[in-house]
Amino acid sequence: MRIDIISIFPDYFAPLELSLIGKARAAGLLDVRVHDLRAWTHDRHNTVDDTPYGGGPGMVMKPEPWGEALDEVVGQAPARLVLPTPSGRRFGQADAERLAEEEHLVFGCGRYEGIDSRVAVDAARRMPVEELSIGDYVLNGGESATLVMVEAITRLLPGVLGNKESAVQDSFASGGMENLVEGPVYTKPSVWRGQEVPPVLLSGNHGAVDRWRRDQALRKTARNRPDLVAATPEEALDRRDREV
Ligand code: ADE
């Protein structure tokens, strides 16, 4: 997969050199290119923003550098454009799974009050464009939201996670966990500060372990995420689920 990121703060993406994403890049599974939007400005001050038409506080990102940047970056290979913004549709695990299937993603990181709205309209003439929000709060720009989405997407690429199974058991994962958060996890020692690991996990009975994990996921979801329980269709629950 190729990912291009356009931002006025390319240094923000240094963490993409680390850990699993850094390893995936080094292994050639992932090609990440970070671009400085100011490279597509033509004035002495490398201006990327201006005052909003209609008045009001703050600044709006000018369309010209964005238009040129997208022409050049996307001109190289067909892409889907993601624009992180608090006014976008909410990004979730299903989006991460869907976007992980793409060959080429471009993230356009807005700052200030956002990017001139004509940029998304113009881009949509040539490529699929989606505005995505990572949650109902306002960040200083799309950079940290892009880091979040890139991590959620790239960990699903074949070969990025050490253990193929682990993504399937994750909270929200399709294939059984869609509307569930993962329950508690334990490792050695089996007794720590007077607390014992639940005996079923030491039993070696995989069926019983799976059932216990699902029960715990259902309970934790009910406790922490009643909104998800309300969104779960009755058919998604088996007989044992209903007893939890
Ligand atoms: N930019 C600013 N806030 C954001 C959010 N919550 N999600 C995505 N992009 C953003």
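Reading guide: rules and limits
- Residues numbered from 1 in each chain as written.
- Predicted model: local features only at pLDDT ≥ 70, side-chain atom pairs only at ≥ 80, totals over all residues.
- Heavy atoms only, no water.
- Helix = DSSP H or I, 4+ residues; strand = E, 2+ residues; numbered from the N terminus.
- Contact = heavy atoms within 4.5 Å.
- Pairing = 2+ DSSP bridges.
- Axes fitted to C-alpha atoms, helices over the stretch in contact; angles between N-to-C directions.
- Core = buried A, V, L, I, M, F, W, Y, C linked by side-chain atoms within 4.5 Å.
- Buried < 20%, exposed > 50% of the residue type's maximum accessible area, 1.4 Å probe, protein only.

Go over the side chain of Asp241 with me, naming the residues and quoting the values.
With respect to the helices and strands, Asp241 occurs in helix α9 (residues 239–243). If near-sequence neighbours (up to four positions away) are discounted, Asp241 is found in contact with Arg211, Arg214, Leu218 and Ala236.

So what's going on with the sheet that holds strand β7 (residues 129–133)? Residues and values would help.
Read from one edge to the other, the open sheet built from five strands follows the order β2-β1-β6-β5-β7, with strand pairing classed as parallel. This sheet does not close on itself; its edge strands, each paired only once, are β2 (31–36) and β7. The average angle at which neighbouring strand axes cross in this sheet is 30°, direction not considered. Bridging between strand β1 (residues 2–7) and β2 involves six bridges; their strand directions are parallel. Residue pairing in the sheet places Asp4 in a bridge with Arg33 of β2.

So what about unusual backbone geometry? Which residues, and what values?
Following Lys188, the chain continues to Pro189 via a peptide bond in cis, the omega torsion being 5°. Positive phi, close to 55°, is recorded for Ser19, a residue that is not glycine. Within the secondary structure, Ser19 sits in helix α1 (residues 19–26). A positive phi is found at Arg193, a non-glycine position, where the angle reads about 50°. With respect to the element layout, Arg193 can be found in the loop between β8 (191–192) and β9 (195–196).

Would you mind going over the nonpolar core in detail, with residue names and values included?
Ranked by size, the top nonpolar core spans 26 residues in total, and within it Ile3, Ile5, Phe107 and Ile153 carry the most contacts. At the level of secondary structure, the elements contributing two or more residues to this core comprise β1, α1, α3 (93–99), β6 (104–108) and α5 (142–154). The leading source of residues in this core is α5, at six residues. Each residue touching Phe107, except ones within four places of it in the same chain, is listed here: Ile3, Asp4, Ile5, Ile6, Val82, Thr146, Met149, Val150 and Ile153. Trp40, Trp66, Val119 and Ala120 belong to the second largest nonpolar core, which has 19 residues in total.

Lay out the pairing of β6 with the relevant residues and their values.
Summarising burial for β6: five of the five residues are buried, a large majority. In β6, alternate side chains face the same way, and those of His104, Val106 and Gly108 on one face and Leu105 and Phe107 on the other are all buried. For strand β5 (residues 80–90) and β6, the ladder comprises three bridges, and the chain directions are parallel. Within β6, the residue paired with Leu81 across the bridge is Val106.

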